[in-house]
Amino acid sequence: MKIYLATGNKHKKKEMAELLSNHEIVIPSDEGIDFDPDETGTTFYENSIIKAKALYDIVHAPVIADDSGICVDAISGRPGIYSSRYAGPDFPQGKPDGTKITQDEQNVFLIKELNKALKNPKPEFNSFLNGPRSCHYTCAFVLYLGGDRLYVVQETFEGTLIEDISKQAGNGGFGYDPIVFLPEYGKTVAEISAEEKNAISHRGKAVKAIKDIIDNLS
């Protein structure tokens, strides 16, 4: 089945093609489609459906869309849906002019923001799944088939944020992966293999659920 993926991110296309290898995955830029919808939702799901419907209105074919990001528990789940735009504690939802900082700068800012919060510990910090430095990736996936025909899956990928940027490690993955530590592996997300990541990641688990739905439709 030919399925459009509502993103301009070639890393996401690569991951999706690996996970849905028996389907043809196409992103808008592959066909010269100008695609940049305003993500005005307040949740991962809302942004996913906005993107899915916007692309479906152009291609009139099955679309999968996701919205994902990293959520750090001790700083109220920031940056969350603003992960790609995050520009530090002064601009947690992104800079007003729309410019973005580099991923390296985002990683530094996020660690510093968490470290500052932990200087004034709160009792609830110890109740987090992986302790005070607990964080998780969230991924909401939508398979949109037009009208009111849609399927939604949401999954998480749990870890902890490293204590200092000097401890970042790994060349795999992308985004915040070098600063998210997986206690059960003793490695960062960027240090595990693509196969390992696909088996346990937020996106990997969500795609497997979407794949089961797609396979039952086709």
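Structure shown above.
All values derive from a computational prediction rather than experimental measurement.

Draft legend 1. Fine view of the pairing of strand 6 (residues 150-161). As judged from the 11 bridges shared by strand 5 (residues 134-144) and strand 6, these two strands associate in the antiparallel manner. Across the sheet, the residue bridging to Cys-139 is Glu-155, located in strand 6. The antiparallel pairing of strand 5 with strand 6 creates a hairpin that spans 5 residues between the two strands, and Gly-146 there sits at a positive phi of about 100°. Sheet topology places strand 6 next to strand 7 (residues 180-182); 2 bridges connect them, and they run antiparallel. Residue Thr-160 lies in a different strand from strand 7, and its bridge partner there is Phe-181.

Draft legend 2. Structural view of the packing of helix 1 (residues 10-19) against helix 5 (residues 202-217). For the pair helix 1 and helix 5, the least separation of the axes is 10 Å and the interaxial angle reads 50°. In terms of their interaxial angle, helix 1 and helix 5 are classed as oblique. Like other packed secondary-structure pairs, helix 1 and helix 5 cross with a definite hand, here right-handed. Across the interface between the two elements, Lys-12, Glu-15, Met-16 and Leu-19 of helix 1 pack against Arg-203, Gly-204, Val-207, Lys-208 and Lys-211 of helix 5.

Draft legend 3. Molecular detail of the layout of surface pockets. Taken as a whole, the largest pocket holds about 990 Å³ of empty space. Elements represented by at least two residues in the lining of the largest pocket include exactly strand 3 (63-72), helix 3 (103-118) and helix 5. Ranked by the residues each element gives to the lining of the largest pocket, the list is headed by strand 3, at 5 residues. Tallied by class, residues from the lining of the largest pocket come to 9 nonpolar, 15 polar and 13 charged. Forming the boundary of the second largest pocket are 14 residues, of which Lys-14, Glu-15, Gly-173, Ala-194 and Lys-197 lie nearest the centre. Considering every element that reaches the lining of the second largest pocket, the biggest residue donor is helix 1, with 4 residues. Here the lining of the second largest pocket is composed, by residue class, of 5 nonpolar, 5 polar and 4 charged.

Draft legend 4. Highlighting the pattern of salt bridges. Counted according to the given criterion, the structure contains 11 salt bridges. With its nearest N and O atoms 2.8 Å apart, the salt bridge here joins Asp-30 to Lys-13. Here Lys-13 lies in helix 1 and Asp-30 lies in the loop between strand 2 (24-26) and helix 2 (44-59), a separation of 17 residues in the sequence. A relative accessible area of 41% means that Asp-30 is categorised as partly exposed. The partly exposed category is assigned to Lys-13, whose relative accessible area is 24%. A salt bridge links Lys-14 to Glu-18; the shortest N-O distance between them is 2.8 Å. Of this pair, Lys-14 and Glu-18 both sit in helix 1, 4 residues apart, which is roughly one turn of the helix. The exposed category is assigned to Lys-14, whose relative accessible area is 52%. Judged by relative accessible area, Glu-18 falls into the partly exposed class, the value being 37%. Through salt bridges with shared partners, a single network forms among Lys-12, Asp-66 and Arg-203.

The rules behind each value
- Residues numbered from 1 in each chain as written.
- Predicted model: local features only at pLDDT ≥ 70, side-chain atom pairs only at ≥ 80, totals over all residues.
- Heavy atoms only, no water.
- Pairing = 2+ DSSP bridges.
- Helix = DSSP H or I, 4+ residues; strand = E, 2+ residues; numbered from the N terminus.
- Axes fitted to C-alpha atoms, helices over the stretch in contact; angles between N-to-C directions.
- Parallel < 35°, antiparallel > 145°, perpendicular 65-115°, else oblique.
- Left-handed = near helix turned anticlockwise from the far one by under 90°.
- Contact = heavy atoms within 4.5 Å.
- 1 Å grid on protein atoms, 1.4 Å probe; cavity = no way out; pocket = protein on both sides within 12 Å on 5 of 7 lines; lining within 4 Å.
- Points joined across faces, edges and corners; volume = space filled by probe spheres on them.
- Nonpolar A, V, L, I, M, F, W, Y, C, P; charged D, E, K, R; others polar.
- Salt bridge = Lys/Arg side-chain N within 4 Å of Asp/Glu carboxyl O.
- Buried < 20%, exposed > 50% of the residue type's maximum accessible area, 1.4 Å probe, protein only.

In short, shape yes, function no, at least from these values alone.
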